[in-house]
Amino acid sequence: MAPADGLIGLFEAMTRNIEQDRAQINSIDHGDNDTGDNMAANFRLITDTLSHTLGPAGNTDDIGAALGHAAQVLKKRGQGATAPIYAQGLREAGKRLAGQTSFSLDDLLPLLEGLLAGARQASGTKQGDGSLLDVLLPGILAYVQAKRGGQSDVDAILTALLNLRRGSFGTAQSPVGYGRSGGTDTSGKIDPGAAGAASLLEGLFGALLRGVLSQAGGAASQPPAQAPDPQPNNQPGDGTPLPLPGLPSGLGDLLGQLLGGAAGQAAPSAPAPGQGSSHRKYT
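Everything in this summary refers to the structure shown in the same document. Source: prediction; values computed, not measured.

## Looking at the overall build of the protein
In step 1: Counting its regular elements, the protein contains nine helices and zero strands.
In step 2: Counting the 283 residues in the protein, one finds 52% classified as buried.
In step 3: Counting only contacts in the protein whose residues sit at least 6 apart along the sequence, the fraction spanning at least 24 positions is 74%.
In step 4: Approximately 12,000 Å² of the protein is accessible, and the part contributed by carbon and sulfur atoms is 50%.

## Quick word on the packing of aromatic side chains
In step 1: Counted under the stated rule, the structure contains two aromatic pairs.
In step 2: Judged by centre distance (5.2 Å) and plane angle (40°), the rings of Tyr143 and Phe205 are tilted. Here Tyr143 is found in helix H6 (residues 133–148), whereas its partner Phe205 is found in helix H8 (residues 192–216), with 62 residues between them in sequence. Across the pair, Phe205 and Tyr143 agree in class, each one buried.

## With respect to H6
In step 1: Spanning 16 residues, H6 covers 22 Å between terminal C-alpha atoms, matching the ideal 22 Å at 1.5 Å per step.
In step 2: Summarising burial for H6: twelve of the 16 residues are buried, a large majority.
In step 3: The complete set of buried residues in H6 reads Leu133, Asp134, Val135, Leu136, Leu137, Pro138, Gly139, Ile140, Ala142, Tyr143, Val144 and Ala146.
In step 4: Once H6 finishes, Gly150 follows within two positions and takes phi at roughly 90°, a positive value.

## Overview of the pattern of salt bridges
In step 1: A full pass over the atoms with the stated rule returns ten salt bridges.
In step 2: Salt-bridge contacts for Asp48 lead to Arg44; the nearest nitrogen and oxygen are separated by 3.8 Å. With Asp48 and Arg44 both in helix H2 (residues 35–54) and four residues apart, the pair spans about one turn of that helix.
In step 3: Looking at Asp48, the relative accessible area reads 32%, which means it is partly exposed.
In step 4: What makes Arg44 partly exposed here is its relative accessible area of 22%.
In step 5: Each of Glu12, Arg16, Glu19, Arg44 and Asp48 takes part in salt bridges that share partners, so that together they form one network.

Rules and cut-offs
Residues numbered from 1 in each chain as written. Predicted model: local features only at pLDDT ≥ 70, side-chain atom pairs only at ≥ 80, totals over all residues. Heavy atoms only, no water. Helix = DSSP H or I, 4+ residues; strand = E, 2+ residues; numbered from the N terminus. Buried < 20%, exposed > 50% of the residue type's maximum accessible area, 1.4 Å probe, protein only. Contact = heavy atoms within 4.5 Å. Areas by Shrake-Rupley, 256 points an atom, 1.4 Å probe, with all protein chains shown as cover. Phe/Tyr/Trp six-rings, centres within 6.5 Å; stacked < 30°, edge-to-face > 60°. Expected span 1.5 Å × (residues − 1). Salt bridge = Lys/Arg side-chain N within 4 Å of Asp/Glu carboxyl O.

In structure tokens form, the structure reads like this:
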């Protein structure tokens, strides 16, 4: 079932990024300080479920069915207020990939669209309400629209990263919290659920971007330097990004086969996502 390794590898990249950001996400959770722990546990659960379902000892090669099963597991065993939101996203993604036995870059768009559609259904919020949707919606839509508009892989990824980061910061405009923060003034505080959503998408897009730049080769094609992610012992002395350690080989195959070609120019700045008053924040 090797063709599914690319999907498992992408979820592994998201999970590892959240695990790396766990403490920072916890620190901005002014309710019970566990949003980072919950998200890390939930995405590890998703990744392990996909690995067991689609792996050599798995009982299916249907990617859609595997995502649907992961949704059921997350709904039953997930932790925190965001678990049912991401479970619905996985369910919708599974519907879009039903019957697929391999995962390619073409399948990334329906995967992301499904995750977004499910999150919109389950969250009960809209963009500008100061929730995780303020990250998922601009980040995913920016990538989807850029790709459908003919932008290069690098341009589309950078555009998505810019939009999701701005969306995360924009939640600080929200005055009303959610969960244990409900009823308190959260003005000036980034929503921890939004920060978690930013971390998981940065993990996904970061893995794709590193694959593109690795193929392009040479500093001339790289985007403007930004502060490196904290990856102790994973960066060589010259600052050249290394592949994420220990990822399934299918992720490297996916990037090598599907994200070829020279990297494009840096993406132009995208408009900041809409901001407005909030109804709730997810922890």
